[in-house]
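# Working through the structure, step by step
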Amino acid sequence: MIWDLLIAALLVISGLFGLIGAFGLLKLRAPMQRLHAPTKATTVGVGAALLASAGTAVLVGDAPWQEAMVAVFLFLTAPLTALYLAKAHLHGTVDRKGLPPTGTGSDWAGFTPPPQE
Amino acid sequence: MMRRLYPHPYLSLLLVMVWLLLVNRLALGSLVMAAFLATVIPLLTSAYWPARPRLQSPMRLVAYVALVVWDIILANIQVAVIVLFKPADQIRSAWITVPLDLTSPEAITLLAGTITMTPGTITADFSADGQALLIHALHAPDPDAVRDDIKARYEDRLKRIFI
Amino acid sequence: MMTAYALSFAIGCFALALLLNLWRLITSPTLPDRILAVDTMVVNVIALVVLYGIKSGTGLNFEAAVLFAMTGFISTVAFCKYLLRGSIIE
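Residues numbered from 1 in each chain as written. Chains lettered and ligands numbered in written order. Predicted model: local features only at pLDDT ≥ 70, side-chain atom pairs only at ≥ 80, totals over all residues. Heavy atoms only, no water.

## Examining the overall build of chain B
Assigned secondary structure in chain B consists of 6 helices and 3 strands. Secondary structure of chain B in N-to-C order comes out as α-α-α-α-β-α-β-β-α. Here the C-alpha atoms of chain B give a radius of gyration of 20 Å, more than 25% beyond the 15 Å that 2.2 N^0.38 yields for 163 residues. Considering only C-alpha atoms, chain B reaches an extent of 60 × 35 × 25 Å along its principal axes. In chain B, buried positions account for 40% of the 163 residues. Taking all contacts inside chain B whose residues are at least 6 apart in sequence as the whole, residues at least 24 apart take part in 73%. Summed over all atoms, the accessible surface of chain B reaches about 9300 Å², with 67% contributed by carbon and sulfur. Across chain B, the 14 positively charged side chains and the 12 negatively charged ones have centroids separated by 12 Å. (Helix = DSSP H or I, 4+ residues; strand = E, 2+ residues; numbered from the N terminus. Rg over C-alpha atoms; globule rule 2.2 N^0.38 Å. Buried < 20%, exposed > 50% of the residue type's maximum accessible area, 1.4 Å probe, protein only. Contact = heavy atoms within 4.5 Å. Areas by Shrake-Rupley, 256 points an atom, 1.4 Å probe, with all protein chains shown as cover. Lys, Arg positive; Asp, Glu negative; His and termini not counted. Charge placed at Lys NZ, Arg CZ, Asp CG, Glu CD.)

Here it is, written out as structure tokens:
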């Protein structure tokens, strides 16, 4: 009974976060702000859905290894897609003069030409 | 000999585990395939990853992961509240420079990933000499506080995990 | 019973999220925004695959979820590299 309640709560949370991610993508104005809502909220939405799936698997008596694999894969790739999208924004839509200085003497890596071989 | 054949023993072990989970049954054939992949992939990629990361205390890494998971949950509630209830013209976004004390590439990668997954911040770039990270914060009325928080909460712990 | 209602609610939420993302994809002002919309759609589809696994009672459709996760990730990175450098494989 409590187990069912937990799974139901996880499902509701997952749906809400998925919706919030999509809503944020539409609502936020600056391109860099839009990066925040989906990369995080949607990832947690899927994470909650995977937890619910793991919960039902345990209920039947299976070990939820595969759910764990998908979760690990999603949480490892989410920062990388966010980084690549941020870099695309830095070169396309963001004013470079608005960036703070590095404070280390060299420029940001995205604006430094790659070393010649 | 063993060292040259297996430049990254933990990576090899991880590859075996991942392959066995992917095929999802324990048979001799999949074990052989897993061993083959665990030997070949680290050898082929070792040119891009010459040095071994040195862990000071693996137990602290587990505690760190637990802390980050907890922070991800809190962070998402915060971001959800900002997205849902804050009017779009009241959101104060900011670019923040975080100077780094960490030197190991693995530690910096882990810190950058942590920053992206936690409270309203995204790692956007790093300086060419690898001594500072460029971060975008969704809503940061006080950018200096965000920077100090990152340094105290995550970088300090990572400094103690990686040498 | 309660789980069934929650499941329908979650599936409805993700379907609506997919529609909103599609709207964003059509109306987005910049190219990186379009990539972001497609990436979010991929993650939402993974969620739908997982939820369908619970609904059908056959467990997780693991291969479908992993394939979506991998192709989604790689296509996002490839798109971004194309925007940054003008080519994917250098």
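Moving on from the model shown.
## Digging into the interface of chain B and chain A
Between chain B and chain A, the residue contacts involve 41 residues of the former and 41 residues of the latter. Both faces considered, chain B and chain A share a buried interface measuring about 3400 Å² in area, 73% of it formed by carbon and sulfur atoms. Applying the counting criterion to the chain B and chain A interface returns 1 salt bridge. With its nearest N and O atoms 3.8 Å apart, the salt bridge here joins A:K87 to B:D125. Counting the contacts that link chain B with chain A gives 4 residue pairs in polar contact (both at pLDDT 80 or more). Contributing elements (two or more residues each) for the side of chain B that touches chain A: α2 (9-23), α4 (58-85), β1 (94-99), α5 (105-117), β2 (121-126) and β3 (132-137) of chain B. For the side of chain B that touches chain A, the leading source of residues is α4(B), giving 8 residues. (Buried area = accessible area lost by both parts, 1.4 Å probe. Salt bridge = Lys/Arg side-chain N within 4 Å of Asp/Glu carboxyl O. Polar contact = N/O pair within 3.5 Å; in protein donor to acceptor, adjacent residues only side chain to side chain.)

Any functional reading would require information that these geometric values do not contain.
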